[in-house]
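# Overview (structure and organization)
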Amino acid sequence: MTVDHDALIVMLSRLKLTAIRDQLDSLLDEVARREMTLREALAYLCQREVARKDERRIEMASKIAHFPTVRDLEGFDFAAQPSLDRNQVRELAACRWVAHGDALLLLGPPGVGKTHLAIALGREAIRQGYSVLFVPAPALLAQLVKAHAEGRLEERLAFYAKPKLLIVDELGYLPFEPSAAHLFFQLVSRRYERGSLLITSNRSVGEWGSVFGDPVVATAILDRLLHHSHVLTIRGDSYRLREKRRAGLIKPATLNPEQVA
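Because the structure is predicted, anything quoted here is derived from the model rather than measured. (Residues numbered from 1 in each chain as written. Predicted model: local features only at pLDDT ≥ 70, side-chain atom pairs only at ≥ 80, totals over all residues. Heavy atoms only, no water.)

### A word on empty space enclosed by the protein
Under the counting rule described, the total for this entry stands at 1 cavity of 30 Å³ or more. Taken as a whole, the largest cavity encloses approximately 100 Å³ of empty space. Sorting the residues of the lining of the largest cavity by element identifies helix H10 (178-191), strand S4 (196-201) and helix H12 (215-225) as the ones contributing at least two each. When its residues are assigned to classes, the lining of the largest cavity shows 5 nonpolar, 4 polar and 4 charged. (1 Å grid on protein atoms, 1.4 Å probe; cavity = no way out; pocket = protein on both sides within 12 Å on 5 of 7 lines; lining within 4 Å. Points joined across faces, edges and corners; volume = space filled by probe spheres on them. Helix = DSSP H or I, 4+ residues; strand = E, 2+ residues; numbered from the N terminus. Nonpolar A, V, L, I, M, F, W, Y, C, P; charged D, E, K, R; others polar.)

### Focus on the sheet that holds S4
Spatial ordering of the open sheet is given by S2-S3-S4-S1-S5, a layout of 5 strands whose pairing is parallel. Taken across any chain shown, the strands that pair with only one partner, and hence form the sheet edges, are strand S2 (132-136) and strand S5 (229-233). For this sheet, the mean angle separating the axes of adjacent strands, direction not counted, is 10°. For S2 and strand S3 (residues 165-171), the ladder comprises 5 bridges, and the chain directions are parallel. Bridge pairing links Val135 to Val168 in S3. Most of the contacts of H10 go to S4, to which it runs at about 140°, and overall it touches S3 and S4. (Pairing = 2+ DSSP bridges. Axes fitted to C-alpha atoms, helices over the stretch in contact; angles between N-to-C directions. Contact = heavy atoms within 4.5 Å.)

### Notes on the confidence of the model for the protein
Summarising the model, the protein shows a mean pLDDT of 89, and 90% of its residues fall at 70 or more. Taken element by element, the predicted model of the protein shows its lowest mean pLDDT in helix H14 (residues 257-260) (41) and its highest in S2 (98). Counting interchain partners and residues more than four positions distant, the pLDDT-below-50 stretch residues 253-261 has 2 contacts. (pLDDT = per-residue confidence, 0-100.)

The structure is reproduced here in structure tokens:
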């Protein structure tokens, strides 16, 4: 049986094997160069097709996640943050905590790489087939408050409950209004033991009472978040300030004799 090139292209298109179709000549040349058996050649072609589909799936899921930028673990400077356990982060990148619906809190002062890690772990979750949504805390609360005022709270809660992993960035930089704190509690309750939450914050959990403006609500939120959770606290200098010091824009802090005494 002989099949001409055009007919083969048509069949590959109908089967939606676009990676094989678009690279057909080069792939067949590689099969011939390696002198593959029929089984090996079929496996090789399937691998290329699966790789292309994975690339497109990850690209589409990343757009849906609304990451503000592209970050990965390979680009994180672990040497600059010695308080962070590299092995623990690698373990988290396996995303078993996402599969189990656990929470992950990334705590530390501004500029230490919390958002970088959050995005990188979110991208790892996407690679492993989980749906992800990234949202800054102020935007999240503003949308919940607006939805509540318009009678659409249930719809908005359902939207934020849908992804397997919800990343809430920069919790604590701005204080919550009491009504917003109660709405956030409803979201945490909705996702509790169903979907994972990754929260970055510049405030320790002991300060969340003042963040939420209601210690009782803060306790109820933490009770659910910490039940099945992982907490990483980063203690280090801001990347941005470090770069400015290197450039000579900021002088290193010095102590005067009275401070030393």
